[in-house]
Amino acid sequence: MKMTFRWYGDSDPVTLDQIRQIPGMKGIVSAIYDVPVGEVWSYEKIKALKDKIEAKGLEFTTIESVPVHEDIKMGKPSRDRLIDNYCETLNNLGKCGIKVVCYNFMPVFDWTRSELDHVNKDGSTSLVYYQDQIDKWDLKNDELTLPGWDASYTKDQLKGILEEYEAIDDEKLWENLGYFLKKIIPVAEINDIRMAIHPDDPPWGIFGLPRIIKDYDSYKRLAETVPSTYNGITLCTGSLGPNASNDLVKLIHDFSDRIHFGHVRNILRVDGNSFEETAHMSEYGSIDMYEIMKAFYDIKFEGPIRPDHGRMVWGETGKPGYGLYDRALGSCYLNGLWEAIDKSTK
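Worth saying up front: this structure is predicted, and the values here are computed from it rather than measured.

Asker: Explanation requested: the packing of helix α7 (residues 170-190) against helix α8 (residues 216-225) in the structure shown.
Answerer: When two helices pack together, their arrangement is given by the angle between their axes and by how far apart the axes lie. For the pair α7 and α8, the least separation of the axes is 10 Å and the interaxial angle reads 40°. The orientation of α7 relative to α8 falls into the category oblique. Here the hand of the crossing between α7 and α8 comes out right-handed. Taking contact as the criterion, the partners of Glu171, Trp174, Leu177, Gly178, Leu181 and Lys182 in α7 are, on α8, Ser218, Arg221, Leu222 and Thr225. When the residues that make up the contact of α7 with α8 are grouped by side-chain class, the tally is four nonpolar, three polar and three charged.

Asker: Would you take a moment to explain helix α11 (residues 289-298) for this structure?
Answerer: For an α-helix, the turn length of 3.6 residues means that residues three or four places apart are oriented alike. For α11, the set of buried residues is Met289, Ile292, Met293, Ala295, Phe296 and Tyr297. Of the surrounding secondary structure, the elements contacted by the buried residues of α11 are β8 (231-236), α9 (237-240), α10 (248-254), β9 (259-263), β12 (304-306) and α12 (325-344). The first or second residue beyond α11 is Lys300, which carries a positive phi of 60°.

Asker: Which parts of the structure should I look at to understand the pairing of β9?
Answerer: Regular strands place side chains that alternate from one sheet face to the opposite one. In terms of residue burial, β9 counts as a mostly covered element, since five of its five residues are buried. Two strands pair when backbone bridges link them, and β8 and β9 are joined in this way by four bridges, in the parallel orientation. Within β9, the residue paired with Ile233 across the bridge is Ile259. With two bridges connecting them, β9 and β12 associate as parallel partners. Pairing of His263 across the sheet is with Arg306, part of β12.

Asker: I tried to follow the nonpolar core on my own but got confused; where do I start?
Answerer: Counting residues in hydrophobic clusters, the biggest one holds 92 residues, and the most contacted among them are Phe180 and Phe296. The leading source of residues in this core is α7, at nine residues. For Phe180, the residues in contact, after removing those within four places along its chain, are Val68, Ile72, Ile83, Tyr86, Tyr103 and Phe105.

Asker: I tried to follow the sheet that holds strand β4 (residues 100-103) on my own but got confused; where do I start?
Answerer: In a beta sheet, neighbouring strands are held together by backbone hydrogen bonds and run either parallel or antiparallel to one another. Sheet architecture is closed into a barrel: eight strands sit in the order β1-β2-β3-β4-β7-β8-β9-β12, paired in parallel fashion. Along the sheet, successive strands turn relative to each other by an average axial angle of 30°, direction set aside. The strands touched by α8 within the sheet are β7 (194-197) and β8, with β8 carrying the most contacts at an inclination of about 160°.

Asker: Honestly, the side chain of Thr234 in this entry has me stumped. Any pointers?
Answerer: When you line up the elements, Thr234 lands in strand β8. A relative accessible area of 0% places Thr234 in the buried class. Polar side-chain contacts of Thr234 include one of 3.0 Å to the backbone oxygen of Ala196. When residues no more than four places from it in sequence are discounted, the contact partners of Thr234 are Cys102, Ala196, Ile197, His198, Pro199, Tyr219, Phe261 and His263.

Asker: Would you explain the sheet that holds strand β11 (residues 275-277) in this entry?
Answerer: Strand order in this open sheet of four strands is β5-β6-β11-β10, and the pairing throughout is antiparallel. The sheet is open, and its two borders are formed by β5 (115-119) and β10 (267-269), each paired with just one other strand. Strand-to-strand, the axes of this sheet are offset by a mean angle of 35°, without reference to chain direction. Here β10 pairs with β11 via three bridges, running antiparallel. Among the inter-strand pairings, Leu268 is bridged to a residue of β11, identified as Glu276.

Asker: Would you take a moment to explain the packing of helix α4 (residues 79-95) against α7 for this structure?
Answerer: Running from amino to carboxyl end, α4 crosses α7 at an angle of 30°, the nearest separation of the two axes being 10 Å. As judged from the angle between their axes, α4 and α7 are roughly parallel. In this structure, α4 crosses over α7, and the sense of that crossing is right-handed. Along its contact with α4, which presents Arg79, Asp80, Ile83, Tyr86, Cys87, Leu90 and Asn91, the element α7 presents Asn176, Tyr179, Phe180, Lys183, Ile184, Val187 and Ala188. Considered class by class, the residues forming the contact of α4 with α7 number nine nonpolar, two polar and three charged.

Asker: Mind showing me how you'd approach α4 here?
Answerer: Given a rise of 1.5 Å per residue, 17 residues ought to cover 24 Å, and the 24 Å separating the end C-alpha atoms of α4 matches this to within 8%. Of all the positions in α4, only Arg79, Leu82, Ile83, Asn85, Tyr86, Cys87, Thr89, Leu90, Asn92 and Leu93 are classed as buried. Contact partners of the buried residues in α4: α2 (43-54), β3 (59-64), α3 (70-74), β4, α7 and β7. Backbone geometry just after α4 places Gly97 at a positive phi near 80°.

Asker: Got a minute to help me understand unusual backbone geometry in this structure?
Answerer: Trans peptide bonds make up most of the peptide bonds, and negative phi angles are found at most residues other than glycine. The linkage connecting Glu64 with the following residue, Ser65, adopts the cis geometry, with an omega of 0°. Along the chain, Ser65 falls in the loop between β3 and α3. A cis geometry characterises the amide bond from Asp201 onward to Pro202, with omega recorded as 5°. Looking at where Pro202 falls in the secondary structure, it is placed in the loop between β7 and α8. In this structure, Lys300 takes a positive phi of about 60° despite not being glycine. Take Lys300: it is sitting in the loop between α11 and β12. Phi is positive for Asp308, close to 65°, though the residue is something other than glycine. Positionally, Asp308 belongs in the loop between β12 and α12.

What counts and what doesn't
Residues numbered from 1 in each chain as written. Predicted model: local features only at pLDDT ≥ 70, side-chain atom pairs only at ≥ 80, totals over all residues. Heavy atoms only, no water. Axes fitted to C-alpha atoms, helices over the stretch in contact; angles between N-to-C directions. Helix = DSSP H or I, 4+ residues; strand = E, 2+ residues; numbered from the N terminus. Parallel < 35°, antiparallel > 145°, perpendicular 65-115°, else oblique. Left-handed = near helix turned anticlockwise from the far one by under 90°. Contact = heavy atoms within 4.5 Å. Nonpolar A, V, L, I, M, F, W, Y, C, P; charged D, E, K, R; others polar. Buried < 20%, exposed > 50% of the residue type's maximum accessible area, 1.4 Å probe, protein only. Pairing = 2+ DSSP bridges. Core = buried A, V, L, I, M, F, W, Y, C linked by side-chain atoms within 4.5 Å. Polar contact = N/O pair within 3.5 Å; in protein donor to acceptor, adjacent residues only side chain to side chain. Expected span 1.5 Å × (residues − 1).

Remember, this is a structural readout, not a statement about activity or role.
What follows is the structure, encoded as structure tokens:
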């Protein structure tokens, strides 16, 4: 596997010079952030980003994410033009040597948390999802925003989109995902780009919206929708883990040929559907990180892995979940597990 680190470009408080000093760090995961969703990423912008990253001695072969326009998810007539744009972006990424593209098909919202700076017992802060807090949100009237959410919508636009989704259930969303995949996967194959859909976070329906990439059965259906292994997944332990019925080790083994990207982090399940993001070590959460890394090792995973979200520690401030220190600690911990597993098998 190759340890990687997410970087949000020049506006990110965490710099490439800092990231390159993390022991065992091999590559950067990033994206083009100044192009509107649905428009084509130019070759020039991608190449400039790649050159900047590689000048620091880091690889750049993984994109997270190329966003999918809401009209594609809803199956609107405009989707064909938008899918053509998506395919053109894939062509440009292929010319720049990109090998993995992470994306998601979550309606309206990306990952969702009820607090971004929950104070833990040790004084660090982290992201949490408390169901009782989520249940009090009124998305059509409250002013709410989270990192990862499309902030370009006005309140009226968001209200309109939510109302449109009232006519879209899980089956319709699956139909729209299938339409999208059947258009883009042949283009991905030509460019040798492995598409890696990210699971819904959390892995259940929220706000009355359909969510379909959340468990074993959904991964099985995804593979059956377009059999090509270029139609793959991002195995995110922090997104799948809140559902205790998700056997993460079995998922890794059974879908080994579909896993093109790993997000490896811990969460602590609390009451009901609530959970807290924790330090990466197994003892702090509900996920056995040794077993996760051993499963990746057993399938001979050679793709990118990243520590994903981290706490804010040692007084650091910045983009919630994406500070430097705790993610650096997480990457070193995961690399340490990998080394120990590797040496114990020889």
